[in-house]
Amino acid sequence: MIQIRFQNVLDMFTPIIFIYIIISLGWKNFLFFNVEFLLGIVLIISMLHFFILLDKNLEKGYKSMIFLSLFILMFSFIFSFLKIFFSYHNENITSDIKIYTLISLILYVLIRVTYFMRIIYVKIHNPAFIFITSFVFLSFLGSILLMLPASTVVKKISFIDALFTSTSAVCVTGLVVLDTAKDFTYLGKIFILILIELGGLGILTITSFFSYFFRDGFSFKEAIFISNFLNTKTTNNVLSLAVKVVLFTLTVEFIGTLLIYFSIKEKNSIESDNLLFFSIFHSISAFCNSGFSTLSQGLYSQSVRFNYLFQLIIAFLLILGGIGFNILFNFFAYIWLTIKKYFLKIFKDEDFRRPVHVVTLNTKIVILTTFFLLFFGTVFYYISEYHCSLSEHPSFHGKWIVSFFSSATSRTAGFHVLNMNTFTPITICFTIFLMWIGASPASTGGGIKTSTFALALMNIISLSRGKNRLEIQRKEISSESIRLSFSIIMLSIIVIYISILLIIFLDPKEDILSISFEVFSAFSTAGLSLGITSNLSNGSKLILILLMLLGRIGIFNVMIGFLRKNKIGSHHYYRYPKGNVLIN
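Keep in mind that this is a model prediction, so the values were computed, not measured.

Visitor: Would you take a moment to explain helix α20 (residues 512–523) for this structure?
Guide: Across its twelve residues, α20 extends 16 Å between first and last C-alpha, which sits within 8% of the 16 Å expected from 1.5 Å per residue. Of all twelve residues making up α20, ten are buried, and the element is well covered by its neighbours. For α20, every residue scored as buried is listed here: Ser-514, Ile-515, Ser-516, Phe-517, Glu-518, Val-519, Phe-520, Ser-521, Ala-522 and Phe-523. Tucked inside the fold, the buried residues of α20 contact α17 (425–437), α19 (479–506) and α21 (538–553).

Visitor: Explain the packing of aromatic side chains here, please?
Guide: For any two aromatic rings, the description comes down to two numbers: the centre-to-centre distance and the angle of the planes. Overall, the coordinates contain 26 aromatic pairs when judged by the stated rule. Consider the rings of Phe-371 and Phe-372, whose centres lie 5.7 Å apart with planes at 70°: the pair is edge-to-face. The partly exposed category is assigned to Phe-372, whose relative accessible area is 43%. Measuring from centroid to centroid gives 4.0 Å for Phe-380 and Phe-430, while their planes differ by 25°, and the two rings are stacked. Residue Phe-380 is located in helix α15 (residues 361–384), and its partner Phe-430 is located in helix α17; the two are separated by 50 residues in the primary sequence. For Phe-430, a relative accessible area of 18% puts it in the buried group. Among the aromatic side chains, those forming a connected cluster through ring pairs are Phe-248, Phe-287, Phe-325, Phe-329, Phe-331 and Phe-332. A cation sits over an aromatic face here: Lys-244 above Phe-329, 5.1 Å from the ring centre.

Visitor: So what exactly am I meant to see when it comes to the packing of helix α8 (residues 186–201) against helix α12 (residues 275–287) here?
Guide: Angle between the axes and distance between the axes: these two values describe a pair of packed helices. Relative to each other, α8 and α12 sit at 30°, their axes nearing to 10 Å. Overall, the two elements α8 and α12 adopt an arrangement that is roughly parallel. Classified by chirality, the crossing of α12 by α8 is left-handed. Two secondary-structure elements touch here, α8 through Tyr-186, Lys-189, Ile-190, Ile-192, Leu-193, Ile-196 and Glu-197 and α12 through Phe-277, Ile-280, Phe-281, Ile-284 and Ser-285. Residue composition of the contact of α8 with α12, by class: nine nonpolar, one polar and two charged.

Visitor: So what exactly am I meant to see when it comes to the confidence of the model for the protein here?
Guide: Atom-level detail of predicted coordinates should not be read off regions where pLDDT is low. Per-residue pLDDT for the protein has a mean of 81; in total, 81% of the residues score no lower than 70. In the model, residues 566–570 has pLDDT below 50 throughout and makes seven contacts with residues more than four positions away in sequence or in other chains.

Visitor: Whenever I open this one, the pattern of salt bridges confuses me. Can you help?
Guide: The final tally for this structure, using the stated rule, is three salt bridges. Residue Glu-392 is joined to Arg-305 by a salt bridge in which the shortest nitrogen-to-oxygen separation is 3.0 Å. In this pair, Glu-392 sits in the loop between α15 and α16 (396–412) while Arg-305 sits in the loop between α12 and α13 (308–322), placing the two residues 87 residues apart along the sequence.

Visitor: What is the right way to look at unusual backbone geometry in this model?
Guide: It is generally the case that most residues other than glycine have a negative phi and that most peptide bonds are trans. Phi at Lys-449 takes a positive value of approximately 90°, unusual for a residue other than glycine. Along the polypeptide, Lys-449 turns up in the loop between α17 and α18 (450–464). Here Gln-473, not a glycine, exhibits a phi torsion of approximately 50°, which is positive. With respect to the helices and strands, the residue Gln-473 is situated in the loop between β1 (471–472) and β2 (475–476). Take Gln-473: its relative accessible area is 52%, and that puts it in the exposed class.

Visitor: Looking at this structure, how should I read the side chain of Thr-533?
Guide: Structurally, Thr-533 can be placed in the loop between α20 and α21. Classification of Thr-533 by relative accessible area gives buried; the value is 4%. Not counting the four nearest positions on each side in its chain, Thr-533 is found in contact with Phe-164, Leu-175, Val-176, Val-177, Glu-518 and Lys-541.

Visitor: Can you walk me through the side chain of Ser-514 in this structure?
Guide: Along the chain, Ser-514 turns up in helix α20. By relative accessible area, Ser-514 is classed as buried at 11%. The contacts of Ser-514, once residues within four sequence positions are left out, are Leu-530 and Ile-532.

Thresholds applied
- Residues numbered from 1 in each chain as written.
- Predicted model: local features only at pLDDT ≥ 70, side-chain atom pairs only at ≥ 80, totals over all residues.
- Heavy atoms only, no water.
- Helix = DSSP H or I, 4+ residues; strand = E, 2+ residues; numbered from the N terminus.
- Expected span 1.5 Å × (residues − 1).
- Buried < 20%, exposed > 50% of the residue type's maximum accessible area, 1.4 Å probe, protein only.
- Contact = heavy atoms within 4.5 Å.
- Phe/Tyr/Trp six-rings, centres within 6.5 Å; stacked < 30°, edge-to-face > 60°.
- Lys NZ or Arg CZ within 6 Å of the ring centre and 35° of its normal.
- Axes fitted to C-alpha atoms, helices over the stretch in contact; angles between N-to-C directions.
- Parallel < 35°, antiparallel > 145°, perpendicular 65-115°, else oblique.
- Left-handed = near helix turned anticlockwise from the far one by under 90°.
- Nonpolar A, V, L, I, M, F, W, Y, C, P; charged D, E, K, R; others polar.
- pLDDT = per-residue confidence, 0-100.
- Salt bridge = Lys/Arg side-chain N within 4 Å of Asp/Glu carboxyl O.

Right, dumping it as structure tokens:
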């Protein structure tokens, strides 16, 4: 009975601690924001966790969560105590301990939220609805954090601008109405970075990652939900897949940070006081395809405009982030088995037969489509902008690298290294086309997806040849996939067209081509702009916010979340007589 009361007290403590963290970060002169009070909070919560663990009848998942929380809190408390004991003469000790204890409290709240999310999985039988609400919740939470006095340089920013910035970060878009470099403090930039990471991976993937440490696994229903979020057809090892996604992301971002740091280390013209933070920010922003930058002019800034090595690193990071985790894991498995085969053959004289069909048809379609879009996009930018925006790059290799970068970023990220105000109309229209296609499924990018575009195109060719089914490499593509691809294309065109009409009505002074570019960029979460974003009315900004959410979540997922009656799967065991409708 006593342990149950402790659990109730602990449940009440969690939102109080969250509010305390927000107030402490937002208002530096907060009365209770001192080392003694922070350590007292950590000690009290740790004691509550300890007494709760004495209960032998605790549910296994809850017990694992309590144990993990206690470990983090006690580690922070002991570390802070030792630092005070051995460094009592150091004046900076208090600020260091504040950081350590705040981080431990934030991790504690995150673990509690993770456990709460697992309960929601079971209570709400609608994966798409949970997916939608997680992004909407993150966007509103981020807007509150960005409106804190400690987050902005200016005294106050409007709620619409804060919500726009937060949604753009969560939906990994990159459209901005404020100058990230000048209008946000160091803390504000950290908030934006966290929102980008959570939005790129998805809060539910992060939740699954922490759930891995609860040690009691997933129920079958939870496995179905997580497989929906990770866009995988099987429920086998879905939890380990979520862990692999998070670990792979952190590894690539760490490597990207090192490469970016060494590519700019010798350059003294970077507009940043902290090169390491600059590297971390742009590595995460590039891999998550967000397009945010701590430079006022983005990557078009004079300090990095001609740094071609830096541009190549960013380009490959955003390609990796935009190609899809399932595709990457499948491709890397093929590479590993190929290396293993030749290693055994050369050094051990053994024959190794790798499994048949290691590379899936989905992987082949996505990689080939991505390659052709990158190749033809690079050639197109080189030809169309050779005498315009590319003219400021004197070297031959510089022009090709910038063209390659522009081709890669147009589909997925909001970075730009060319002066977009000098783009020719044909280049603008081609960029709109690339943005509309977007990245690949189960990636951090948006758009209708490369596989959707490829299937629709190949189906048109198949119908033109008189075939009644689509066959690729001796495999027949399911009618469900074909219908889904055309539905996504049609829905995207309808939503984009209505949005353009609404913004033209709300902002009649703006050019229709610029408005169309902005709408396609928001829906495809590409983040590129012709410079009208900050000049739009609040109504137009709200439309772009909605478009970014629809583009990141997927408009079809939204319709499934609200219209599907059977929330996990729908099977109709009847068929009506076929009826023919004249098409052409």
